[in-house]
Amino acid sequence: MTPFSACIVAAGSGTRAGSAIPKQFTIVAGKPLLRWSAEAFARHPMCAEILIAIPAGERERAEAALAGIEATLVEGGATRTLSVRRCVEAATQARVMVHDAARPALSATLIDQLLAALESAAGAAPALPVPDALARKTSNGVEAVDREGLYRVQTPQAFHRDELLYAFEAGADTPYPDEVSLARAAGLAVTLVDGDEAAFKVTYPDDFARAEAALGGISAGLPVMGTGYDVHRLSAGTGLHLCGVFIPCDLALVGHSDADVGLHALTDAVLGAAGAGDIGLHFPPSDERWRGADSAQFLIHALHLAREAGIRPVHADITLICERPKIGPVRDAMRARVSELTGLPLARVNIKATTTEKLGFTGRGEGIAAQAAFTGVLA
Ligand code: MG
């Protein structure tokens, strides 16, 4: 097979999708919509380069959405046809594939089929039959339309670059809904290959939920995990909070909140699994609201973010590193409290303790350290 240039059209404002930002930058199943198809092309062995038409003034947002993917950004034109033309003109390969950024579920099989079809045609596009009955509204009612021989045409639409450039020239920048229409208007032979229902176009607000389910489904059942680590200083006092349990003793933990180093480590582990940063990002120590706060609320918020990210908790494991207080007598109470906060059964909450053989700050009793691992599964 011959290498090709991928041209992705992401230059629209996406007003029909009803989102506040252009729809190609909306996060769907953890990634900007545009990134899904850019990654699909980047993974394909025959894809030599990726060109993307973006709206004027959106370069920064596009670069962030595409971080780590090699792509040439091209400023889009006033119409789809102009945007595609600019990409195709900048392309370096003899074959080009024009794709809508709003079709995130692009399969390698579909790309292969199109490349194969280009061996014997100027252009090729995926198409699906029309399952519903069709009708046309007229001034005096409705008139039935025969759906026989009608197809829904998708993208990518593949072309020999020279032929497509000829079609642009012939079309004199007349706007066309897609490149198959443009090519046919210029008299080029376009062949159809089997389309893919999964490669639907995100157009209306409800389509985002459908895309989220379809793309998120790719990773359903996969385990995710995060780790956390925290330290708080010890001072003389009347007791301290560890893993959600108050332990009366002659020590205290120093911190802005209740300084529960165990729950802080677990909160960071949950945020890690959720890809949601760290505890300081959500609960800055500079914020007066968190002075003396019960750290349980930090953990509850992190678990809420994890659930929003589609993660179901599976297991929590906390290690407390200190000489004092003795953890053994309160271990069961800690497990029960963490089980209650996380909704995990007791059997899947573990609390461990270790000393550091009198070495280092924990060994000298200057502070307590904690580390935690949190495991979940993508729902
Ligand atoms: Mg802390």
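Predicted model, so just to flag it, every value in this text is computed and none were measured.

Engineer: Before we move on, could you go through the coordination of the magnesium ion and cite the residues and values that matter?
Structural biologist: Within the protein, the atoms that donate to the magnesium ion are D230 (OD), H232 (NE2) and H264 (ND1), at distances of 2.1 to 2.3 Å. Each donor residue of the magnesium ion lies on the same chain, and together they follow the pattern D-x1-H-x31-H.

Engineer: Describe the sheet that holds strand β16 (residues 251-254), naming the residues involved and giving the relevant values.
Structural biologist: Ordered in space as β16-β13-β19-β17-β18, the 5 strands form an open sheet in which the pairing is mixed. The sheet is open, and its two borders are formed by β16 and β18 (349-354), each paired with just one other strand. Pairwise comparison of adjacent strand axes, ignoring direction, gives a mean angle of 30 degrees for this sheet. Inspection of the sheet shows strand β17 (residues 311-321) paired to β18 by 6 bridges, in the parallel sense. Residue A316 lies in a different strand from β18, and its bridge partner there is V349.

Engineer: So what about the environment of A158? Which residues, and what values?
Structural biologist: One can find A158 in strand β11 (residues 157-160). In sequence terms A158 and H99 are 59 residues apart; their C-alpha atoms lie 8.8 Å from each other. In contact with A158, other than residues within four places in its own chain, are V96, M97, L114, L118, A122, G123 and A124.

Engineer: Can you break down the nonpolar core residue by residue, with the values?
Structural biologist: Within soluble globular proteins, side chains that are nonpolar tend to cluster in buried spots. Residues L242, L266, L320 and M334 are the most contacted members of the largest nonpolar core, which totals 48 residues. Considering every element that reaches this core, the biggest residue donor is helix α8 (residues 261-274), with 9 residues. The contact partners of L242, leaving out residues within four places of it in the chain, are I247, L253, D260, V261, G262, L320, P325, I327, M334 and I368.

Engineer: Give a detailed account of the packing of α8 against helix α10 (residues 296-308), specifying residues and quantitative values.
Structural biologist: In contact at an axis separation of 9 Å, α8 and α10 are set at 10 degrees when each is read in the N-to-C sense. On the basis of their axis angle, the class for α8 and α10 is roughly parallel. For the crossing formed where α8 meets α10, the hand is left-handed. Where α8 approaches α10, its residues L263, H264, L266, T267, V270, L271 and A274 are matched on the opposing element by A296, F298, L299, A302, L303, L305 and A306. For the contact of α8 with α10, the per-class residue count stands at 12 nonpolar, 2 polar and no charged.

Engineer: Would you mind going over the domain arrangement of the protein in detail, with residue names and values included?
Structural biologist: Taken as a whole, the protein is organised into domain 1 (4-219) and domain 2 (223-378). Domain 1 and domain 2 are separated by 48 Å when their C-alpha centres are compared.

Engineer: Could you give an account of the pairing of strand β6 (residues 95-100), naming the residues involved and the relevant values?
Structural biologist: β6 sits mainly inside the fold: 6 of its 6 residues count as buried. With burial as the criterion, each face of β6 is covered, one bearing R95, M97 and H99 and the other bearing V96, V98 and D100. When strand β1 (residues 4-9) meets β6, the two strands line up parallel, connected through 5 bridges. Considered in β6, the bridge of I8 is made with H99. Sheet topology note: the β6/β11 ladder contains 4 bridges and is antiparallel. Residue pairing across strands places V98 opposite Q157, the latter belonging to β11.

Engineer: Break down the confidence of the model for the protein for me, with residues and values.
Structural biologist: For the protein, per-residue confidence averages 93 on the pLDDT scale, and 97% of positions sit at 70 or higher. Model confidence for the protein, summarised as mean pLDDT per element, is weakest for helix α7 (residues 205-216) at 80 and strongest for β18 at 98.

Engineer: Lay out α10 with the relevant residues and their values.
Structural biologist: Over its 13 residues, α10 runs 18 Å from end to end, which matches the ideal 18 Å to within 8%, given 1.5 Å per residue. Of all the positions in α10, only A296, F298, L299, A302, L303, L305 and A306 are classed as buried. Along its buried surface, α10 packs onto α8, α9 (279-282), β17, α11 (331-342) and β19 (367-378). Backbone geometry just after α10 places G310 at a positive phi near 80 degrees.

Engineer: Can you lay out unusual backbone geometry for me, pointing to particular residues and giving the numbers?
Structural biologist: Look at the link from T155 to P156: it is a cis peptide, with omega at 10 degrees. By secondary structure assignment, the location of P156 is in the loop between β10 (151-153) and β11. The step from R324 to P325 runs through a cis peptide bond, and the omega angle for that step is 0 degrees. Structurally, P325 can be placed in the loop between β17 and α11. At C243, a residue that is not glycine, the phi angle is positive and equals roughly 50 degrees. For C243, the location among the structural elements is in the loop between β14 (240-242) and β15 (245-247).

Engineer: Kindly report on α7, identifying the contributing residues and their values.
Structural biologist: Between its first and last C-alpha atoms α7 spans 17 Å; for 12 residues at 1.5 Å apiece the expected length is 16 Å, and the two agree. Here α7 has its buried residues at D207, F208, A211 and L215. What you see down the axis of α7 is that its buried residues fit within an arc of 105 degrees, all on one side. Exposed and facing more than 90 degrees away from the buried side of α7 are D206, A209 and A213. Contacts made by the buried residues of α7 are with β2 (27-28) and α1 (33-43).

Basis of the calculations
- Residue numbers here run from 1 along each chain, matching the order of that chain's written sequence.
- With pLDDT at 70 or above as the cut-off, local features in this predicted model cover only qualifying residues; side-chain atom pairs require 80 or more to be listed or tallied, and sums for whole chains, interfaces and linings still use all residues.
- In computing side-chain properties, one takes all heavy atoms of the structure into account and sets aside hydrogens as well as water.
- Because no water is among the atoms considered, metal sites can look incomplete, with donors defined as N, O and S atoms within 2.8 Å of the metal, or 3.2 Å for Na, K and Ca.
- The pairing criterion is simple: DSSP has to find at least two bridges between the two strands.
- Secondary structure elements are defined from DSSP: runs of H or I of at least 4 residues count as helices, runs of E of at least 2 residues count as strands, and each element is numbered from the N terminus.
- Helix axes are fitted only over the stretch in contact, all axes being lines through C-alpha atoms; the angle between N-to-C directions runs from 0 to 180 degrees.
- Note on contacts: a residue pair is in contact if any heavy atoms of the two residues lie within 4.5 Å.
- Each nonpolar core is a collection of buried residues, namely Ala, Val, Leu, Ile, Met, Phe, Trp, Tyr and Cys, held together in the definition by side-chain atoms within 4.5 Å.
- A simple rule labels every residue: compare its accessible area, found with a 1.4 Å probe on the protein chains alone, to the largest value its type can have, and call it buried under 20%, exposed over 50%, or partly exposed in between.
- Every angle not falling under 35 degrees, over 145, or within 65 to 115 is termed oblique; those three ranges are roughly parallel, roughly antiparallel and roughly perpendicular.
- Crossing handedness is defined as follows: a turn of the near helix away from the far one that is anticlockwise and smaller than a right angle gives a left-handed crossing, while the clockwise case is right-handed.
- Under the scheme applied here, ten amino acids are nonpolar (Ala, Val, Leu, Ile, Met, Phe, Trp, Tyr, Cys and Pro), four are charged (Asp, Glu, Lys and Arg), and all others, including Gly, are polar.
- These domain limits were set by an automatic method or by a database of domain assignments.
- The predictor rates its confidence in each residue with pLDDT, a number between 0 and 100.
- By this rule the span expected of a helix is its residue count minus one, scaled by 1.5 Å.
- Each C-beta atom gives one direction from the helix axis, and the arc is the one those directions make.

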